[in-house]
Amino acid sequence: MAYDLSKLPRSDINVQLGGDAHLANFGLFASPERRIIFGPNDFDETLPGPFDWDVRRLATSFVIAARERGFTSGDQRKIVRRLCETFRQRMIEFSQMDTLDVWYYQFKASDMLALADSDEERKREQTVIDKAKLQSSRSLMTRQTEMVNGKLRIVDVPPLVYHMPTSTPKERKQYDSMIRRFFADYRLTLPDDRRALFDRYELVDVAVRVVGIGSVGTRCYEHSLSPMVRVRSFCNSRKRARPCWKIIFRAALIRITGNVLCMDSACFNPPAISFSAGRACITRATTFTCAN
């Protein structure tokens, strides 16, 4: 899709794109302040670019979802028009707001309930919100880990989740060293306050997770962290090998210098970010997402 978008007319207004702004990447998450908010996640393809690329990506996903649900062509068009109208209206509102108010704006779960058209719809949304509150690292730990020889171990669910096979102690040592370097590099991308929190945890176990079709070509891991006090955390981490945007923007001669740091609203305990560093293109991007 990135290739298709690069060939279409586009705006000269560049923003920090989400890069993968489709319907399934929106949901309810806990903010660092522990509030339940609605918003996007999955920023491992974030990159500066025309703002309309994200809007077109989102509109396309709405069409696909409506088509899969059996909506008529006329209703599909109405849905996309409503989406674009809402986006336009919100941009007008944001343009009239104070800069700090825009920066700190959050669409909270309570805002969702206030927009409900009926008591029935409000009840359904409340059920979804209540379910989201139950999703935490603790609930994941009980389902996806087990105690083996006194140590917490991620449960293998082949072929989707498995521990990296190593045939010799040397291979095992090399693999462990690679994982440790990976976490050390990630740690350096964190702001000081989040690095202080991250340092309170130690790595307990790592397993390979097979990615979905949209992430083919990436390495994905699940890992468990143990703090110096009671509660453990369970996280899903992904390291992208080569984002598809790279080729497009190299062709467009868009140059990027320095580091791009982007908060991932899906990460809450420990808080985490998406990191990319590059010149002329993204050369490395890492996304950590974890419940609670």
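Definitions and cut-offs
Residues numbered from 1 in each chain as written. Predicted model: local features only at pLDDT ≥ 70, side-chain atom pairs only at ≥ 80, totals over all residues. Heavy atoms only, no water. Helix = DSSP H or I, 4+ residues; strand = E, 2+ residues; numbered from the N terminus. Contact = heavy atoms within 4.5 Å. Areas by Shrake-Rupley, 256 points an atom, 1.4 Å probe, with all protein chains shown as cover. Core = buried A, V, L, I, M, F, W, Y, C linked by side-chain atoms within 4.5 Å. Buried < 20%, exposed > 50% of the residue type's maximum accessible area, 1.4 Å probe, protein only. Expected span 1.5 Å × (residues − 1). pLDDT = per-residue confidence, 0-100. Pairing = 2+ DSSP bridges. Salt bridge = Lys/Arg side-chain N within 4 Å of Asp/Glu carboxyl O. Phe/Tyr/Trp six-rings, centres within 6.5 Å; stacked < 30°, edge-to-face > 60°. Patch = residues over 30% accessible without salt bridge, like charges linked within 9 Å, V, L, I, M, F, W, Y side chains within 5 Å.

Draft legend 1. Highlighting the overall build of the protein chain. Across its full length, the protein chain holds 10 helices and 13 strands. Restricting the contact set of the protein chain to residue pairs at least 6 apart, pairs at least 24 apart contribute 61%. For the protein chain, the exposed area adds up to about 17,800 Å²; of that, 55% sits on carbon and sulfur atoms.

Draft legend 2. Seen up close, the nonpolar core. Tyr175, Ile179, Phe183, Leu203, Val206 and Tyr221 are the most contacted members of the largest nonpolar core, which totals 13 residues. When contributions to this core are tallied by element, the ones reaching two or more residues are helix 8 (169-188), strand 8 (201-209) and strand 9 (218-227). The next biggest cluster of nonpolar side chains, apart from the first, holds 7 residues, and it includes Ile36, Ala109, Met112 and Leu113.

Draft legend 3. Structural detail: helix 3 (residues 73-95). Helix length check: helix 3, at 23 residues, gives a terminal C-alpha distance of 33 Å against a target of 33 Å (1.5 Å per residue), a fit within 8%. Looking at helix 3, one finds that the buried residues are Gln76, Val80 and Leu83.

Draft legend 4. Broad picture of the confidence of the model for the protein chain. Averaged over all residues, the pLDDT of the protein chain is 79; the fraction at 70 or higher stands at 77%. Per-element confidence in the protein chain is highest for helix 3, whose mean pLDDT is 96, and lowest for strand 12 (residues 273-277), whose mean pLDDT is 32. Note on residues 240-292: pLDDT is under 50 here. Beyond four places in sequence and across chains, it has 168 contacts.

Draft legend 5. Focus on the pairing of strand 5 (residues 145-148). Pairing of strand 5 with strand 6 (residues 151-154), which is carried by 4 bridges, proceeds in the antiparallel orientation. Paired with glutamate 146 across the strands is arginine 153, a residue of strand 6. The hairpin formed by strand 5 and strand 6 contains 2 residues between the paired strands, and asparagine 149 there has a positive phi angle of roughly 55°.

Draft legend 6. Just the pattern of salt bridges, in detail. In this structure the tally under the stated criterion is 11 salt bridges. Glutamate 33 is the partner of arginine 35 in a salt bridge, and the nearest nitrogen-oxygen pair spans 4.0 Å. Judged by its relative accessible area of 42%, arginine 35 is partly exposed. With a closest N to O distance of 3.6 Å, aspartate 52 and arginine 56 form a salt bridge. With aspartate 52 and arginine 56 both in helix 2 (residues 51-68) and 4 residues apart, the pair spans about one turn of that helix. Residue aspartate 52 is classed as buried on the basis of its relative accessible area of 10%.

Draft legend 7. Quick peek at the packing of aromatic side chains. Here the structure, examined in full by the defined rule, presents 7 aromatic pairs. Aromatic side chains phenylalanine 94 and tyrosine 105 sit 5.2 Å apart centroid to centroid with 70° between the ring planes, which places their arrangement in the edge-to-face category. Pair noted here: phenylalanine 94 is in helix 3 and tyrosine 105 is in the loop between helix 4 (99-103) and helix 5 (109-114), with a separation of 11 residues, a long-range link. On the basis of relative accessible area, phenylalanine 94 is assigned to the partly exposed category, the value being 22%. Of the aromatic side chains, those joined through ring pairs into one cluster are Phe26, Phe38 and Phe107.

Draft legend 8. Summary view of a nonpolar patch on the surface. The grouping of Met97, Val102 and Tyr105 at the surface amounts to a nonpolar patch, some 230 Å² of accessible area in total. Exposure remark for valine 102: the relative accessible area of 33% places this residue in the partly exposed category.

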